[in-house]
Amino acid sequence: MNLKKLKGVMAEKDFTQSKLASMLGLSLKSFSAKMKGKTEFKVNELARISKILDVDPSIFFE
């Protein structure tokens, strides 16, 4: 997963980690660990992130 791409899209769409974590029902600590690559996002989380940010999920794997 391209975490830099996700961070870029979040910045473009003005989403903080806290805001996106809340929308996903994750704690900030859990979301932060995923953003640092310590744990992986689940498929359903990626699908929801893509929908929330209005992007094709494949961009995170290019």
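Please refer to the structure placed before this passage.
Structure report, in brief. Fair warning: this is a prediction, and the values are worked out from it, not measured in the lab.

1. Describing the packing of helix 2 (residues 17-24) against helix 3 (residues 28-35)
Phase 1 of the analysis: Contact pair helix 2 / helix 3: the axes reach a minimum separation of 9 Å and the direction vectors enclose 110 degrees. Judged by the angle between their axes, helix 2 and helix 3 are roughly perpendicular. For the pair helix 2 and helix 3, the sense of crossing is right-handed. Contacts from Gln17, Ser18, Leu20, Ala21 and Leu24 of helix 2 reach helix 3 at Leu28, Phe31, Ser32 and Met35.
Phase 2 of the analysis: Residue composition of the contact of helix 2 with helix 3, grouped by class: six nonpolar, three polar and no charged.

2. Digging into unusual backbone geometry
Phase 1 of the analysis: Phi at aspartate 14 takes a positive value of approximately 60 degrees, unusual for a residue other than glycine.
Phase 2 of the analysis: For aspartate 14, the location among the structural elements is in the loop between helix 1 (3-12) and helix 2.
Phase 3 of the analysis: When its relative accessible area of 63% is taken as the criterion, aspartate 14 is described as exposed.
Phase 4 of the analysis: We note that aspartate 54 has phi near 55 degrees; this positive angle belongs to a residue other than glycine.

3. Considerations on the packing of aromatic side chains
Phase 1 of the analysis: Counted under the stated rule, the structure contains one aromatic pair.
Phase 2 of the analysis: Plain terms: the ring middles of phenylalanine 31 and phenylalanine 41 are 5.7 Å apart, the flat faces sit at 70 degrees to each other, and that makes the pair edge-to-face. With phenylalanine 31 in helix 3 and phenylalanine 41 in the loop between helix 3 and helix 4 (43-53), this residue pair connects regions lying ten residues apart in the sequence. The pair formed by phenylalanine 31 and phenylalanine 41 is uniform in burial state, with each residue classed as buried.
Phase 3 of the analysis: The ring centre of phenylalanine 15 lies 4.4 Å from the NZ or CZ of lysine 19, which sits over that ring.

Conventions and cut-offs
- Residues numbered from 1 in each chain as written.
- Predicted model: local features only at pLDDT ≥ 70, side-chain atom pairs only at ≥ 80, totals over all residues.
- Heavy atoms only, no water.
- Axes fitted to C-alpha atoms, helices over the stretch in contact; angles between N-to-C directions.
- Helix = DSSP H or I, 4+ residues; strand = E, 2+ residues; numbered from the N terminus.
- Parallel < 35°, antiparallel > 145°, perpendicular 65-115°, else oblique.
- Left-handed = near helix turned anticlockwise from the far one by under 90°.
- Contact = heavy atoms within 4.5 Å.
- Nonpolar A, V, L, I, M, F, W, Y, C, P; charged D, E, K, R; others polar.
- Buried < 20%, exposed > 50% of the residue type's maximum accessible area, 1.4 Å probe, protein only.
- Phe/Tyr/Trp six-rings, centres within 6.5 Å; stacked < 30°, edge-to-face > 60°.
- Lys NZ or Arg CZ within 6 Å of the ring centre and 35° of its normal.

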